[in-house]
Amino acid sequence: MLRVEGLTVRAGEGRVTQDVSFEVAEDRLTCLIGPSGCGKTSVLKWLAGVLAPSLAATGRLSIDGAPATTPDRRIAYQPQQDALLPWLIVAENAALGLSIRGRRRAEAREAVTPLLASFGLAGTEDAFPAALSGGMRQRAAFLRTIVQDSRFVLLDEPFSALDAVTRLSMQDWLAARLDEVPRGILMVTHDLHEATRLADRILVMAARPGRIVADITIDTPRGDRTEAALAGTRSHLKTRLLEETP
Amino acid sequence: MQLVRHFAPTAGLALALLLGWEVYCRLSGIPSFVLPPPSGVVRVLWTERSAIGPHALATIGVATLGFGLSVAFAFAASVALHFLPWLRRGAMPIFVASQTIPIVALAPLMILWFGFGLLPKVLLVILVTFFPILVSLLSGYAAVPQAWLDLLRSMDAGRAAIFRRVTLPAARASFLAGLRISATYAIVATIFAEYAGARRGLGIYILAAKNNFRADLVLAAVALSAALTLALLGLLRLADRITAGRFGGPADAAG
Ligand SMILES: Nc1ncnc2c1ncn2[C@@H]1O[C@H](COP(=O)(O)OP(=O)(O)OP(=O)(O)O)[C@@H](O)[C@H]1O
Ligand SMILES: [Mg+2]
């Protein structure tokens, strides 16, 4: 269990977030949803240990009850956009986290290779990212995140750059991967539909200052989430979000 | 075929200019010691080849040494300035000021201080070519997308690892642009240094030719210097192409 308590991020005099507290459960997908500029990325960056120096943060982070300092190897971070390095081939990009952590090149590639097929990247391991479609790039970025073997994973709007159809299929694909390799995921999104399709739990944020205004648990297993079953949750969420948007 | 199409406009334009020059010389009856026709320049380039050759070689030597040292120094300085912001704040104004020194004033002083050997010429080439390379490297480092840096930082990579894995490769295109700018100055700076005093080199050859009112020899040396600069640029382009595979195409693909 990863726990954030009392996270306040300041930009000079102003407050980006105010006293944000929440948990991310092991092997569950938690969505952080809220209007643009409410501080979702700032929360994620703080957890990843990469908050901009111009922002000052106070708050406590603990994993399994013990205080943790960031960057922490138990937490993997995937920035908004895929952040693939254009001069590395797909296999090298995917193995980046491992080689940074000191694994030898061949060893790191060995860890990546068996996963290529289920990530839909078989045959592209020697391609440069520029040759991949948006969906493939996103899957390569996921592979890079997943092979780091961190217990917790931070995803910042992983599907926002994709077209609507690719996005839907990538959501299904992510759900399937999480059944194979469960992780405690904290995923930022703008998209109500995406949140209700994937999340076990949804944290709703409001802006200025960013704070959590609702905490919704979805008990229906992902496989049984028909449009009809989700309609109630979705309209409830929509109401909350609209209430908080001036 | 692609190569032909690439160079055809340049070659055509150059030929037209040379042809115009040739025709002008023939029709106007201008004496050839004032303005020799291109054909005359080509002729002396050939007949005087054994005289010009050693001078050209000397120039190539100085330019290569100066430019090579300049690249090495600029790289070392860029790394130091990247990691030490206080040094960057302190040193940049000094580097900028160094660029305002007129080379006309500096070249004779260098000769005065360091004699007629290699040192003053190499120093002058470094002084002229160092700054564009340094600036292009630093601006390349500064332009790295924040997401790439954040990604590595989140992986708990240290400063040195981030620099080597992301910052340096990301600055490649910018570095090559700086190299191209500096390369165009390298030969000219060498010739200028030689002009101020040297035993051998195209610069001193031009000086002697000018003193003997041999415009054709001056122009022959100028043509040679242009060819040397183009050759240097060609080498840089080749190096770019050879190493481009990993970088999604050569940095100068647009040009
Ligand atoms: N480095 C910074 N310095 C100062 N203010 C910042 C900085 N980064 C972000 N902010 C401010 O913090 C607020 C929240 O930004 P953040 O990127 O966390 O929002 P977000 O919820 O992720 O938005 P989006 O949905 O558009 O990605 C914004 O108002 C932004 O202007
Ligand atoms: Mg954001």
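Residues numbered from 1 in each chain as written. Chains lettered and ligands numbered in written order. Predicted model: local features only at pLDDT ≥ 70, side-chain atom pairs only at ≥ 80, totals over all residues. Heavy atoms only, no water.

Looking up chain B in an unreviewed UniProt entry gives the name ABC-type nitrate/sulfonate/bicarbonate transport system, permease component, with the organism given as Wenxinia saemankumensis. For the record of chain B, the UniProt heading Subcellular location (unreviewed entry) holds the text "Cell membrane". In its Sequence similarities (unreviewed entry) section, the UniProt record describing chain B reads: "Belongs to the binding-protein-dependent transport system permease family." (UniProt positions renumbered as here; feature names shortened; annotations may be inferred.)

As recorded in an unreviewed UniProt entry, chain A goes by the name NitT/TauT family transport system ATP-binding protein, listed as coming from Wenxinia saemankumensis. Regarding chain A, the relevant UniProt record gives this comment under Sequence similarities (unreviewed entry): "Belongs to the ABC transporter superfamily."

Asks: How should I be thinking about the sheet that holds strand S10 (residues 211-217) of chain A in this particular structure?
Replies: The pairing of strands in a sheet comes from backbone hydrogen bonds and takes either a parallel or an antiparallel form. Residue and element names in this part refer to chain A. If you trace the six strands from one edge of the open sheet to the other, you get S6-S7-S8-S3-S9-S10, paired in mixed fashion. For this open sheet the edge positions go to strand S6 (75-78) and S10, each flanked by a neighbour on one side alone. Along the sheet, successive strands turn relative to each other by an average axial angle of 15°, direction set aside. Bridge analysis of strand S3 (residues 29-33) against strand S9 (residues 201-206) gives four bridges, and the strand direction is parallel. (Pairing = 2+ DSSP bridges. Helix = DSSP H or I, 4+ residues; strand = E, 2+ residues; numbered from the N terminus. Axes fitted to C-alpha atoms, helices over the stretch in contact; angles between N-to-C directions.)

Asks: How should I be thinking about the domain arrangement of chain A in this particular structure?
Replies: By convention, interface size is frequently given as the accessible area that disappears when the constituent parts associate. All names here are of chain A. Entries for chain A in the domain assignment read domain 1 (2-74 + 151-244) and domain 2 (84-149). Computed from C-alpha atoms alone, the centre-to-centre distance between domain 1 and domain 2 is 25 Å. Taken together, the contact between domain 1 and domain 2 spans 15 residues of the former and eleven residues of the latter. Summed over both sides, the interface between domain 1 and domain 2 buries roughly 1,200 Å², with carbon and sulfur atoms accounting for 68% of that surface. Seen at the junction of domain 1 and domain 2, the total is one salt bridge. (Domains from an automatic or database assignment. Contact = heavy atoms within 4.5 Å. Buried area = accessible area lost by both parts, 1.4 Å probe. Salt bridge = Lys/Arg side-chain N within 4 Å of Asp/Glu carboxyl O.)

Asks: What should I look at first to understand the coordination of the magnesium ion (ligand 2) in this one?
Replies: Note on metal sites: the ideal angle is 109.5 degrees for four tetrahedral donors, and 90 or 180 degrees for six octahedral donors. Residue and element names in this part refer to chain A. Donor atoms from the polypeptide that coordinate the magnesium ion (ligand 2) comprise Thr41 (OG1) and Gln80 (OE1), at 1.8 to 2.8 Å from the metal. Here the residue Thr41 occupies a position in helix H1 (residues 40-48), and Gln80 occupies one in the loop between S6 and helix H2 (90-94), the gap between them amounting to 39 residues. Judged by its relative accessible area of 23%, Thr41 is partly exposed. Judged by relative accessible area, Gln80 falls into the partly exposed class, the value being 31%. (Donors = N, O, S within 2.8 Å, 3.2 Å for Na, K, Ca; no water. Buried < 20%, exposed > 50% of the residue type's maximum accessible area, 1.4 Å probe, protein only.)

Asks: How should I be thinking about the UniProt feature "domain: ABC transporter" (unreviewed entry) in chain A in this particular structure?
Replies: The UniProt record marks residues 2-232 of chain A with the feature "domain: ABC transporter" (unreviewed entry), using the residue numbering of this structure. The span residues 2-232 of chain A carries 30% helix and 28% strand; its end-to-end C-alpha distance comes to 29 Å.

Asks: What is the right way to read the nonpolar core from this model?
Replies: One broad rule of soluble globular proteins: the nonpolar side chains tend to lie buried together. Residues and elements named next belong to chain A. If you look at the biggest cluster of nonpolar residues, it comprises 43 residues, and the most contacted ones within it are Leu29, Leu174, Met187 and Ile202. In terms of domain composition, this core takes at least three residues from each of domain 1 (2-74 + 151-244) and domain 2 (84-149). Discounting residues that sit within four places of it in the chain, Leu174 has contacts with Leu29, Phe142, Leu155, Phe159, Met187 and Leu198. Counting residues in hydrophobic clusters, the runner-up holds 29 residues, among them Leu2, Cys38, Tyr77 and Leu186. (Core = buried A, V, L, I, M, F, W, Y, C linked by side-chain atoms within 4.5 Å.)

Asks: Would you mind showing me how to read helix H6 (residues 118-142) of chain B here?
Replies: One full turn of an α-helix is made of 3.6 residues, so residues set three or four places apart face in the same direction. Residues and elements named next belong to chain B. The terminal C-alpha atoms of H6 lie 36 Å apart, and with 25 residues this matches the ideal 36 Å at 1.5 Å per residue to within 8%. In H6, a bend of some 35° at Thr129 exceeds every other bend along the element, and Pro132, a proline, comes one to four places later. H6 sits mainly inside the fold: 18 of its 25 residues count as buried. (Expected span 1.5 Å × (residues − 1). Bend = angle between axes of the 7 residues up to and from the residue.)

Asks: What exactly am I supposed to notice about the domain arrangement of chain B here?
Replies: Residue and element names in this part refer to chain B. On domain assignment, one finds that chain B holds domain 1 (1-30) and domain 2 (32-254). Between domain 1 and domain 2, the C-alpha centre-to-centre distance is 28 Å. Counting from both sides, the interface comprises eight residues of domain 1 and, opposite them, nine residues of domain 2. Regarding the contact of domain 1 and domain 2, the summed buried area is about 660 Å², with carbon and sulfur atoms giving 68% of it. The largest share of the area that domain 1 buries against domain 2 comes from Trp21, Glu22 and Ile30, three residues that together contribute 68% of it. At the boundary of domain 1 with domain 2, the tally comes to three residue pairs in polar contact (both at pLDDT 80 or more). (Polar contact = N/O pair within 3.5 Å; in protein donor to acceptor, adjacent residues only side chain to side chain.)

Asks: Would you explain unusual backbone geometry in this entry?
Replies: Generally, phi is negative for residues other than glycine and the peptide bonds are trans, each holding for most cases. All names here are of chain A. Residues Thr70 and Pro71 are joined by a peptide bond in cis, for which omega reads -10°. When you line up the elements, Pro71 lands in the loop between strand S5 (66-67) and S6. Located in the positive-phi region is Asp64, a residue other than glycine, with phi close to 55°. Relative to the elements of secondary structure, Asp64 occurs in the loop between strand S4 (55-63) and S5.

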